[in-house]
Amino acid sequence: MNVYYSIKNIKYMRTIRQSFQVTFKYNIIFTHDIFNIKNSTLIKTLNTKNKKKIIIFIDKNVYKTNENINTKIKDYIKNNEKYINLVCDPILITGGEKIKNHYNLVKYAYKLIDVYKICRQSYVLAIGGGTLLDLIGFVASTAHRGIKLIRIPTTTLSQDDSGVGVKNGINFTNKKNFIGSFSTPYAVINDFNLLNSLKDENFIEGFSEAIKVSLIKDKKLFFLIKNNTNEILNREKKITEKIIYECAKIHAKHISKKGDPFEVKSSRPLDFGHWAAHKIESLSKYKISHGKSVAIGLALDCTYSYLLKLLKKDDWKNIITTIIKLTLPIYSKELSFIENNKNVIFNGLEEFREHLGGKLTITLIKSIGEKIETHHINKNIYEKSIKLLKKLNNTIKNANK
Ligand SMILES: NC(=O)c1ccc[n+]([C@@H]2O[C@H](COP(=O)([O-])OP(=O)(O)OC[C@H]3O[C@@H](n4cnc5c(N)ncnc54)[C@H](O)[C@@H]3O)[C@@H](O)[C@H]2O)c1
Ligand SMILES: [Zn+2]
């Protein structure tokens, strides 16, 4: 205890120093066909001897496109009724970024948790893409100060990136993830079979996060993606499942081993390409998805790294062609919006800094797999990068006519 006490100066200060450590642990499990009654992944994950209450929130598109999922869930629960008390039919929530823009859904989910008396010994199962997981994750982490959350991600993006980490959130005042929490899930179960019903464009856009993580951390993974663009486009399971697994592993390792899981410091390498991506999403009124915006944000920050003479031309070319071959965008008109003679995209830098706090810190790469951090931004070079990407994009468009 540190005590400072002085009557003479009428100063009074007492400090009780608090310090404790808590270890967080959760498994990220990979499986196929989670609700097959022969699949014990979920029941083993619950690891319970007593009957536990469960409420399920599921993406409406997952529910609609997997015709028998309702029956499968019910049969699974019935088969395990000694351990599971499903309090009501799965609650359907429409997927997509728009659900993160409305607090109404947060209130609706809180209400259900209250009505069905879901307590801290119960479980919330969230089955859906990154948007549903962010929304329900936020609800679960704040209702009763935290209910156990099992995430079952159903998009490539949520299986390889958003679903495996510790962040939850919704948007506010047209700013991404303005309201949110850092909270560890109880477990994450990636069921590859759930990806089968994804539309091609949603399937492919999740690979932008895989490119991201490979560019900052793993050259081998980048070339695995680069050399298998056709296989990815054809949704070949062997390769796509490997990439999702590797990407999730690197992501999880970064969170646990880099000593800053709750992002207290300014550096945030997993947000490579994201300062522009988040701004593109909001400028497009969320018509451009997160995955596609990340592809554009990566193209921009890699082009900037190249024009700064930090990144070699061959590396830059490999990155841009990989993004293009995967039919992901490298440019959108939001990069060139002008207001009061200023390029609006640069407001994304200040918003990014505000969200992080402290000094603006941007991740760049000096070679594939090797990141660096910078606090200095050269807007002229960024403007040149935007022009170069616009030109390249026009060339691609004309070639496809
Ligand atoms: N919390 C984090 O750390 C983190 C990290 C990265 C991204 N994110 C967030 O993730 C969100 C993007 O997630 P997303 O790319 O998964 O998009 P999404 O949740 O919007 O899903 C994309 C579309 O696919 C549909 N869908 C989902 N699974 C399906 C399936 N199996 N079959 C058929 N349709 C299905 C959804 O209804 C939606 O229309 C963004 O809001 C982004 O900010 C969060
Ligand atoms: Zn992202």
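Residues numbered from 1 in each chain as written. Chains lettered and ligands numbered in written order. Predicted model: local features only at pLDDT ≥ 70, side-chain atom pairs only at ≥ 80, totals over all residues. Heavy atoms only, no water.

- Under an unreviewed UniProt entry, the chain has the name 2-epi-5-epi-valiolone synthase and belongs to Candidatus Azoamicus ciliaticola.

### With respect to the overall build of the chain
- A tally of regular secondary structure across the chain gives 16 helices and 15 strands.
- Here the chain has a C-alpha radius of gyration of 23 Å; the compact-globule value for 401 residues is 21 Å, and the two agree.
- In terms of principal-axis extent, the alpha carbons of the chain reach across some 80 × 60 × 40 Å.
- Burial analysis of the chain (401 residues in total) assigns 51% to the buried set.
- Accessible surface computed for the chain: about 20600 Å², of which carbon and sulfur atoms make up 50%. (Helix = DSSP H or I, 4+ residues; strand = E, 2+ residues; numbered from the N terminus. Rg over C-alpha atoms; globule rule 2.2 N^0.38 Å. Buried < 20%, exposed > 50% of the residue type's maximum accessible area, 1.4 Å probe, protein only. Areas by Shrake-Rupley, 256 points an atom, 1.4 Å probe, with all protein chains shown as cover.)

### Structural notes on the site of ligand 1
- The full set close to ligand 1 counts 25 residues, and E97, G130, T131, T155 and K176 are the nearest of them.
- The separation between a nitrogen atom of ligand 1 and a polar side-chain atom of D134 is 2.9 Å.
- Contact distances for ligand 1 include 2.8 Å between a nitrogen atom and a backbone N or O atom of L194.
- Considered on its own, ligand 1 offers 860 Å² of accessible surface; in the complex 90% of this is hidden by protein.
- When residues of the shell around ligand 1 are traced back to their parent elements, those giving at least two are α2 (60–65) and α5 (130–142).
- Along the lines of polarity and charge, the residues of the shell around ligand 1 split into 4 nonpolar, 13 polar and 8 charged. (Near = heavy atom within 4 Å. Polar contact = N/O pair within 3.5 Å; in protein donor to acceptor, adjacent residues only side chain to side chain. Nonpolar A, V, L, I, M, F, W, Y, C, P; charged D, E, K, R; others polar.)

### Concerning the UniProt feature "domain: 3-dehydroquinate synthase N-terminal" (unreviewed entry) in the chain
- The sites that UniProt annotates as "domain: 3-dehydroquinate synthase N-terminal" (unreviewed entry) are residues 92–204.
- Helix makes up 32% of residues 92–204 and strand 29%, and the two end C-alpha atoms of the span are 24 Å apart. (UniProt positions renumbered as here; feature names shortened; annotations may be inferred.)

### So, the nonpolar core
- Judged by nonpolar contacts, the single largest core of 62 residues is most densely connected at L215, W275, I319 and I323.
- By residue number, the principal contributor to this core is helix α13 (residues 290–307), which donates 9 residues.
- Viewed by domain, this core spans two of them, domain 1 (27–198) and domain 2 (210–399), each represented by three or more residues.
- Residues in contact with L215, not counting those within four places in the same chain, are F222, F272, C302, I319, I365, S367, I368, G369 and E370.
- With 25 residues, the next largest nonpolar core counts L133, L135, V139 and A140 among its residues. (Core = buried A, V, L, I, M, F, W, Y, C linked by side-chain atoms within 4.5 Å. Domains from an automatic or database assignment. Contact = heavy atoms within 4.5 Å.)

### Points about the packing of aromatic side chains
- Applying the stated criterion across every chain yields a total of 14 aromatic pairs.
- Relative to Y76, the ring of F35 has its centre 5.9 Å away and its plane inclined at 85 degrees; by these criteria the two rings are edge-to-face. Of the two residues, F35 sits in the loop between β3 (27–31) and α1 (41–46) while Y76 sits in helix α3 (residues 69–79), which places them 41 residues apart along the sequence. Here F35 matches Y76 in class, with each residue buried.
- With a centroid separation of 6.5 Å and an interplanar angle of 20 degrees, the aromatic rings of W275 and F346 are classed as stacked. Taken as a pair, W275 in helix α12 (residues 274–283) and F346 in the loop between β13 (342–343) and α15 (347–356) lie far apart in primary sequence, 71 residues in all.
- A relative accessible area of 2% places W275 in the buried class. (Phe/Tyr/Trp six-rings, centres within 6.5 Å; stacked < 30°, edge-to-face > 60°.)

### Some details on the pattern of salt bridges
- In total, this model carries 19 salt bridges according to the counting rule given.
- For E334, the salt bridge is made with K333, and the minimal N-O distance between the two is 3.7 Å.
- Accessibility expressed as a relative area gives 4% for E334, which makes it buried.
- The class of K333 is exposed, set by a relative accessible area of 56%.
- Beyond isolated ion pairs, a larger network of salt bridges with shared partners links E97, K100, D134, K176 and E281. (Salt bridge = Lys/Arg side-chain N within 4 Å of Asp/Glu carboxyl O.)

### Re the pairing of strand β4 (residues 52–59)
- For β4, the buried fraction is high: 7 of the 8 residues fall into the buried class.
- In this structure, β4 lies alongside strand β5 (residues 84–86), joined through 3 bridges in parallel fashion. Paired with K52 across the bridge in β5 is I84.
- Bridge count for β4 against strand β7 (residues 123–128) is 5 bridges, and the pairing is parallel. Of the residues in β7, the one forming a bridge with I56 is L125.
- Here 3 bridges tie β4 to strand β6 (residues 91–93), and the two strands are oriented parallel to one another. Each bridged residue has a counterpart across the sheet, and for F57 the counterpart in β6 is I91. (Pairing = 2+ DSSP bridges.)

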